[in-house]
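Reading the structure
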Amino acid sequence: QVQLVESGGGLLQAGGSLRLSCSASGRTFSSYAMGWFRQSPGKEREFVAAWSGGILYYADSVKGRFTISRDNAKNTVYLEMNSLKVEDTAVYYCRASDGFDGSRWHGSRYWGQGTQVTVSS
């Protein structure tokens with residue numbers, strides 16, 4: 001069982017930067033594939049970034065602007081967001097699963113409660 005808690009969301013202007021954190025409970029954090037998703041009002045939850053087996057994956061919409069990283073000693077995964085756009089406004093969720101191959105998530109599925117990011121023009 002893994003519990004995930006996101007933090008770091010906020011309100012900022014377009015062009016700004018923000019770093020989200022996702023802290024995980026459990027002693028097997030390093031074995032999980034970790035990812036970030038986001039959901040805007042009226043839209044489905046969409047993939048943002050993932051780290052699995054040392055490979056990083058990004059949605060096309062955030063490539064070059066967002067960076068996912070993890071600190072296994074702290075049981076934490078981060079999402080560094082730069083050059084933020086109004087369209088990046090969403091609730092950002094952290095996810096842990098047994099694996100991710102670039103298109104599919106495998107095995108267990110754990111979600112955090114989300115953190116709101118609002119980007120104004």
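Predicted model, so just to flag it, every value in this text is computed and none were measured. (Residues numbered from 1 in each chain as written. Predicted model: local features only at pLDDT ≥ 70, side-chain atom pairs only at ≥ 80, totals over all residues. Heavy atoms only, no water.)

**Some details on the overall build of the protein**
The cut-off we apply is this: Strands are runs of DSSP state E lasting at least two residues, helices are runs of H or I lasting at least four, and both sets are numbered from the N terminus onward. In this setup the radius of gyration rests on C-alpha atoms only. A globule is expected at 2.2 Å times the number of residues raised to 0.38. The buried label goes to any residue with under 20% of its type's maximum accessible area, the exposed label to any with over 50%, and the partly exposed label to all in between, with areas taken from a 1.4 Å probe on protein chains only.
Helices and strands together make up the secondary structure of the protein, namely zero helices and eleven strands. Helices and strands in the protein line up, N terminus first, as β-β-β-β-β-β-β-β-β-β-β. The C-alpha radius of gyration of the protein comes to 13 Å, within 12% of the 14 Å expected for a compact globule of 121 residues. Across its three principal directions, the C-alpha atoms of the protein cover 40 × 25 × 25 Å. In the protein, buried positions account for 45% of the 121 residues.

**With respect to the sheet that holds strand 8 (residues 76–81)**
Convention followed: Note: two strands are recorded as paired if DSSP finds a minimum of 2 bridges between them. To get an axis, fit a line to the C-alpha atoms, keeping to the stretch in contact for a helix; angles then go from 0 to 180 degrees between the N-to-C directions.
One open sheet holds the four strands; their spatial order is 1-3-8-7, and the pairing between them is antiparallel. What marks the edges here is a single partner per strand, and that holds for strand 1 (4–7) and strand 7 (66–71). Between one strand axis and the next, the sheet turns by 15° as a mean value, whatever way the strands run. Bridge count for strand 7 against strand 8 is six bridges, and the pairing is antiparallel. Its bridge partner being in strand 8, Phe66 is matched across the sheet by Met81.

**Section: the state of the cysteines**
Here, disulfide denotes a covalent bond that connects the sulfur atoms of two cysteines. Operational definition: Disulfides are defined as cysteine sulfur pairs within 2.5 Å.
Applying the stated rule across the entire model yields one disulfide. A disulfide bridge connects Cys22 with Cys94, and the sulfur atoms are separated by 2.1 Å. An S-S torsion of about -80° defines the bridge between Cys22 and Cys94 as left-handed. With Cys22 in strand 3 (residues 18–24) and Cys94 in strand 9 (residues 90–100), the pair connects residues that are 72 residues apart, well separated along the chain.

**A look at the nonpolar core**
Applicable threshold: What we call a nonpolar core is a set of buried Ala, Val, Leu, Ile, Met, Phe, Trp, Tyr and Cys residues that are connected through their side-chain atoms within 4.5 Å.
Counting residues in hydrophobic clusters, the biggest one holds 28 residues, and the most contacted among them are Leu4, Met34, Trp36, Leu79, Met81 and Tyr92. Going through the elements one at a time, strand 3, strand 4 (33–39), strand 5 (46–52), strand 7, strand 8, strand 9 and strand 11 (115–120) are the ones with two or more residues in this core. Ala33, Phe37, Tyr57 and Trp105 belong to the second-largest nonpolar core, a separate cluster that totals six residues.

**Side note on the environment of Thr115**
Residue placement: Thr115 occurs in strand 11. A relative accessible area of 10% places Thr115 in the buried class. For the pair Thr115 and Arg45, spaced 70 residues apart in sequence, the C-alpha separation works out to 13 Å.

**Here we look at the packing of aromatic side chains**
Note the following rule: Under the pairing criterion, centres of Phe, Tyr and Trp rings, with the six-membered ring standing for Trp, must be within 6.5 Å; the plane angle then separates stacked pairs below 30 degrees from edge-to-face pairs above 60, leaving the rest tilted. Comment: the charge-over-ring label is applied if NZ (Lys) or CZ (Arg) is within 6 Å of the ring centre and within 35 degrees of the ring normal.
In this structure the tally under the stated criterion is eight aromatic pairs. A ring pair is formed by Tyr57 and Phe100, whose centres lie 4.9 Å apart and whose planes are at 85°; its orientation type is edge-to-face. Separated by 43 residues along the polypeptide, Tyr57 in strand 6 (residues 55–58) and Phe100 in strand 9 bring together distant segments of the chain. Among the aromatic residues, those joined into a ring-pair cluster are Phe37, Phe47, Tyr57, Tyr93, Phe100, Trp105 and Trp111. Residue placement shows Arg45 over the ring face of Trp111; its charged tip is 4.5 Å from the ring centre. The ring of Phe29 has Arg70 sitting right over it, with the charged end atom 4.7 Å from the ring centre.

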